[in-house]
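# Observations on chain architecture
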Amino acid sequence: MVGINAWTTDVEKLKAVMTEEDVPWRTFVGSDEINKTWNNPMTPTYFVIDHTGIIRHKWNGDPGDAAIDNALEKWIKAVE
Amino acid sequence: MSVAIRWISTGIVFAAAGAVAETPAEKFAALSKQFRPDSAWLRDAETDLERREGLEKYATYAPRFLALVEKHADDPIALKALRQAIQIVGSRDSGALQVWQMNEAEFPKGVTDGSAKRIVVLLLRDYLMSDALEPICDRMRYQYRLEVENALRGMLEKNPHRQVKGAACLALAQFLHDKLRMANLADDRPELRERYAAVFGANYLPELRHRRDSGLASEIEALFERAAVEFTDVKVRAGVVGEIAKLELYKIRKLSVGKPAPATEGVDQNGESFKLSDYRGKVVLLYFWSEF
């Protein structure tokens, strides 16, 4: 799992937030380039990207754990 | 003697009625004043019952504002009252979805007073050529009722003013895009299917799905394209039509299922550089989050 926190552009600040909120996954610090590339999605937004780099699922808003788990399982199987 | 008294009392009654006869503007102001405290129903409610009752009371204002529109069609307040009715219908529906999410009991019944339909009929019949419809397009974009599509299409095709056409084109694209998102989200969440049926009726989701299967995504893309090309410089409340439409097209074309994830490079919370492509060979869940 890789995070993007587009709101926080300062490394120190992000580290502080992640420590406080107990966020374990590696997260990109927000930058103009990232915001432009991904078009400032509302939070939460999720993308499932397969092992070749293709976007396979996209959710604006929380689709629920079951949907995410099913999608991940499907594309992890595709790697095997 | 008794006849004279009857005449006098009748005269007094008529005089009294004349004294309280209100102009359309006064009626609109009076109704708006009554509406104001009731419009804070969600903020003020503390229990399930208060939420349900507050919502149901709030919803009754839509037909009341529409009655003003119908009675005083040529008065300047008519368009204001129509805009108010549109806002109430939208808030009533989004409020209902929220109450369904929040409550454990006391679920509100879906409102079937036909207000959305009335709004569309009135707009197309009496205001289609108006140059003051941009704020109405703006409000309609957030509506849930599918009838609203006809109003937006009508304005796009028949209104002679470029600003209105541009606003309608963009609003229509966004309206349909939101509906597509609702259909997609409901695929994964059974509680949403139940909720949509309760609030909008049993046919709502099936109709959205039917549109999705009949090429809704392409329709949406074509509308954004048209907005970007034909109405590039039109100014709306949210910004400039061309810019807004181009951003949406970028998302649709580059950031959608089946497309390669765009190259992403940056710095992590420890100050170390890394790229999304470093994870090639693994499945990645990319999660946009914020601490808010």
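Everything numeric here is computed off the predicted structure, so don't read it as measured data. (Residues numbered from 1 in each chain as written. Chains lettered and ligands numbered in written order. Predicted model: local features only at pLDDT ≥ 70, side-chain atom pairs only at ≥ 80, totals over all residues. Heavy atoms only, no water.)

## A few points about the overall build of chain B
Within chain B one finds 14 helices and five strands. The globule rule puts the C-alpha radius of gyration for 292 residues at 19 Å, and the 25 Å found for chain B is more than 25% above it. Viewed in the frame of its principal axes, chain B has a C-alpha envelope of about 105 × 50 × 40 Å. Here chain B holds 292 residues, and the buried ones make up 47% of them. For chain B, the distance from the average position of its 43 positive side-chain charges to the average position of its 42 negative side-chain charges is 3 Å. (Helix = DSSP H or I, 4+ residues; strand = E, 2+ residues; numbered from the N terminus. Rg over C-alpha atoms; globule rule 2.2 N^0.38 Å. Buried < 20%, exposed > 50% of the residue type's maximum accessible area, 1.4 Å probe, protein only. Lys, Arg positive; Asp, Glu negative; His and termini not counted. Charge placed at Lys NZ, Arg CZ, Asp CG, Glu CD.)

## A word on the nonpolar core
With 79 residues, the main nonpolar core has F65, L82, I136, M140, L152, M155 and Y196 of chain B as its most contacted residues. Ranked by residue count, the leading element in this core is helix α10 (residues 162-188) of chain B, at 15 residues. Formed by 17 residues, the second largest nonpolar core is a distinct cluster that contains V17, M18 and A71 of chain A together with L285 of chain B. (Core = buried A, V, L, I, M, F, W, Y, C linked by side-chain atoms within 4.5 Å.)

## Digging into the side chain of T27 of chain A
Looking at where T27 of chain A falls in the secondary structure, it is placed in strand β2 (residues 26-29). By relative accessible area, T27 of chain A is classed as buried at 0%. Of the polar contacts made by the side chain of T27 of chain A, one reaches the backbone oxygen of W25 of chain A; its length is 3.1 Å. Residues in contact with T27 of chain A, not counting those within four places in the same chain, are G3, I4, N5, L14 and M18 of chain A together with V267, D268, Q269, F274 and W289 of chain B. (Polar contact = N/O pair within 3.5 Å; in protein donor to acceptor, adjacent residues only side chain to side chain. Contact = heavy atoms within 4.5 Å.)

## Some remarks on the packing of helix α5 (residues 61-71) of chain B against helix α7 (residues 115-126) of chain B
Residues and elements named next belong to chain B. Look at α5 against α7: their axes get within 10 Å of each other, and the N-to-C directions meet at 20°. In terms of orientation, α5 and α7 fall into the roughly parallel class. Classified by chirality, the crossing of α7 by α5 is left-handed. From α5, A62, P63, L66, A67, V69 and E70 reach across to α7, where they touch S115, R118, I119 and L122. The residue makeup of the contact of α5 with α7, split by class, is seven nonpolar, one polar and two charged. (Axes fitted to C-alpha atoms, helices over the stretch in contact; angles between N-to-C directions. Parallel < 35°, antiparallel > 145°, perpendicular 65-115°, else oblique. Left-handed = near helix turned anticlockwise from the far one by under 90°. Nonpolar A, V, L, I, M, F, W, Y, C, P; charged D, E, K, R; others polar.)

## Some words on the interface of chain A and chain B
Much of the literature gives interface size as the accessible area that the parts lose upon coming together. On the chain B side, the residues contacting the 51 residues of chain A number 44 residues. Interface area, chain A with chain B, both sides summed: about 4600 Å², of which 63% is carbon and sulfur. Connecting chain A to chain B are two salt bridges. Residue R26 of chain A is joined to E272 of chain B by a salt bridge in which the shortest nitrogen-to-oxygen separation is 3.6 Å. The interface formed by chain A and chain B holds 19 residue pairs in polar contact (both at pLDDT 80 or more) in total. Going through the elements one at a time, β1 (2-5), α1 (11-21), β2, α2 (32-38), β3 (45-49), β4 (55-60) and α3 (65-79) of chain A are the ones with two or more residues in the side of chain A that touches chain B. (Buried area = accessible area lost by both parts, 1.4 Å probe. Salt bridge = Lys/Arg side-chain N within 4 Å of Asp/Glu carboxyl O.)

## Describing the environment of L146 of chain B
Residue and element names in this part refer to chain B. Mapped onto the secondary structure, L146 falls in the loop between α8 (134-140) and α9 (148-158). You can call L146 buried: its relative accessible area is 18%. Ignoring sequence-local partners within four residues, the contact set of L146 consists of F175, K179, Y204, E207 and L208.

## Topic: the confidence of the model for chain B
All names here are of chain B. Across chain B, the average pLDDT comes to 90, with 93% of residues at or above 70. Scored below 50 in pLDDT, residues 8-18 shows zero contacts in the model against residues more than four places distant or in partner chains. Complex prediction metrics read pTM 0.81 and ipTM 0.90. (pLDDT = per-residue confidence, 0-100.)

## Topic: the packing of aromatic side chains
Residue and element names in this part refer to chain B. Counted under the stated rule, the structure contains 17 aromatic pairs over all chains. Their ring planes at 25° and their centres at 4.5 Å tell us that W100 and F107 sit as a pair that is stacked. Taking the relative accessible area as the measure of exposure, W100 reaches 17% and is therefore buried. Judged by relative accessible area, which is 35%, F107 ranks as partly exposed. Seen from their ring centres, Y144 and F200 are 5.3 Å apart, and the 20° between their planes marks the pair as stacked. Residue Y144 is found in the loop between α8 and α9, and its partner F200 is found in helix α11 (residues 190-200); the two are separated by 56 residues along the sequence. Here Y144 and F200 have matching classes, each one buried. Taken together, the ring pairs in this structure connect F28, F35, W41, Y58, Y61 and F65 into an aromatic cluster. Above the plane of the ring of Y144 lies K179, whose end atom (NZ or CZ) is 5.8 Å from the centre. The ring centre of F175 lies 4.0 Å from the NZ or CZ of K179, which sits over that ring. (Phe/Tyr/Trp six-rings, centres within 6.5 Å; stacked < 30°, edge-to-face > 60°. Lys NZ or Arg CZ within 6 Å of the ring centre and 35° of its normal.)

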